[in-house]
Amino acid sequence: MTVATEIACSVDIEHAGSFAYARCGCGWRGPGRRAVDRARRDAGEHGQALAA
Ligand SMILES: [Zn+2]
């Protein structure tokens, strides 16, 4: 059977000045990053941590 994987957390990338950080609907917020790519990585790790 096919079960769609629900994403428990909705993570967005927020920008603050020259920094970017991942912010989630669950209240979690990642550290400020100078690179958006790093913020996206934080977001991915957050999602994986919750899925584990
Ligand atoms: Zn979350």
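Residues numbered from 1 in each chain as written. Predicted model: local features only at pLDDT ≥ 70, side-chain atom pairs only at ≥ 80, totals over all residues.

Novice: I keep staring at the pairing of strand S1 (residues 11–16) and nothing clicks. Help me out?
Specialist: Residues in a regular strand point their side chains to alternate faces of the sheet. The pairing of S1 with strand S2 (residues 19–24) spans six bridges and is classified as antiparallel. Within the sheet, the bridge partner assigned to Val11 lies in S2 and is Cys24. Taking the residues that link successive antiparallel strands as the turn, the S1-S2 hairpin has two residues, and the phi of Gly17 there is positive, at about 65°. (Pairing = 2+ DSSP bridges. Helix = DSSP H or I, 4+ residues; strand = E, 2+ residues; numbered from the N terminus.)

Novice: Sorry if this is basic, but what is going on with the nonpolar core here?
Specialist: The biggest cluster of nonpolar side chains holds five residues, and these are Val11, Ala20, Ala22, Ala39 and Ala43. Going through the elements one at a time, S2 and helix H1 (36–51) are the ones with two or more residues in this core. Once residues within four sequence positions are removed from consideration, Ala22 is found in contact with Val11, Ile13, Gly30, Ala39, Asp42, Ala43 and His46. (Core = buried A, V, L, I, M, F, W, Y, C linked by C-beta atoms within 7 Å. Buried ≥ 20, exposed ≤ 12 C-beta atoms within 10 Å, placed from the backbone. Contact = placed C-beta atoms within 7 Å.)

Novice: In this structure, what is going on with the environment of Gly27? I would like to understand it.
Specialist: Among the secondary structure elements, Gly27 is positioned in the loop between S2 and H1. Under the C-beta neighbour-count criterion, Gly27 is labelled exposed, with 7 such atoms within 10 Å.

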